[in-house]
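Overview (structure and organization)
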Amino acid sequence: MAEEKESEENISALHKKITDAFQLFDYDSNKTVNIREIGTIMYSLGCFPSQADIREFTAKVGEDFSGVVHLDKFLPAMTKVLLENRFPPIPRSKLFQAFKVLDKDQKGYLKPEELTKYMMEKAEPFTQEEMDEMLTAHTHQKENVIHYEKLIDKLTSDQDM
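Residues numbered from 1 in each chain as written. Predicted model: local features only at pLDDT ≥ 70, side-chain atom pairs only at ≥ 80, totals over all residues. Heavy atoms only, no water.

In this section: the side chain of T19. Structurally, the position occupied by T19 is in helix α1 (residues 2-23). Exposure remark for T19: the relative accessible area of 16% places this residue in the buried category. Once you skip the residues sitting within four places of it in the chain, T19 turns out to touch L71 and L75. (Helix = DSSP H or I, 4+ residues; strand = E, 2+ residues; numbered from the N terminus. Buried < 20%, exposed > 50% of the residue type's maximum accessible area, 1.4 Å probe, protein only. Contact = heavy atoms within 4.5 Å.)

Under the defined criterion, the tally for this structure stands at six aromatic pairs. Seen in terms of ring centroids, F25 and Y27 are 6.5 Å apart; in terms of plane orientation they differ by 70 degrees. Their pairing is edge-to-face. Residue classification places Y27 among the exposed positions, given a relative accessible area of 62%. A centroid spacing of 5.9 Å and a plane angle of 55 degrees characterise the contact between F96 and Y148, whose relative ring orientation is tilted. Here F96 is found in helix α5 (residues 92-102), whereas its partner Y148 is found in helix α8 (residues 148-156), with 52 residues between them in sequence. Taking the relative accessible area as the measure of exposure, F96 reaches 24% and is therefore partly exposed. Ring pairing ties together the aromatic residues F22, F57 and F74, which thus form one cluster. Over the ring of Y109 we find K107, and its NZ or CZ is 5.2 Å from the ring centre. (Phe/Tyr/Trp six-rings, centres within 6.5 Å; stacked < 30°, edge-to-face > 60°. Lys NZ or Arg CZ within 6 Å of the ring centre and 35° of its normal.)

Turning our attention to unusual backbone geometry. Within the chain, S29 stands out as a residue other than glycine whose phi angle is a positive 50 degrees. Along the polypeptide, S29 turns up in the loop between α1 and β1 (32-34). The phi dihedral of N85 is positive, around 50 degrees, even though this residue is not glycine. Relative to the helices and strands, N85 resides in the loop between α4 (71-83) and α5.

Here it is in structure tokens:
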């Protein structure tokens, strides 16, 4: 019985966490968000789905084709995702290994144009807007380079929580 109560408390806390993240993007306070915000909400909850995963998820929770997702559909689906740990973060070691492959001279950094080329041409390409945001946030102003170990530290800082 104590385990059941603890489980209910955990689910309740999880629902609150999901609802709080959802409400940050519920600009009209009507328990809906624009479907384009779903990926951001998922990332904010510690999930790291691919763009294909996000499209599949939004197809399930935004099935009325209105361009919005309702909290009552999002909450149970996102709860299941979190309980199943479906989209875990990439381990720091793998990220570091990937950057080392891109850094052919093993300098410890990439130039913004190098990172842009890789991020916009390979796998799931970033948009120019996404690249501009990333470069603004992570390019060392004086040196005009991205020190990838610092970037990885920022990307993985929440994984231990």
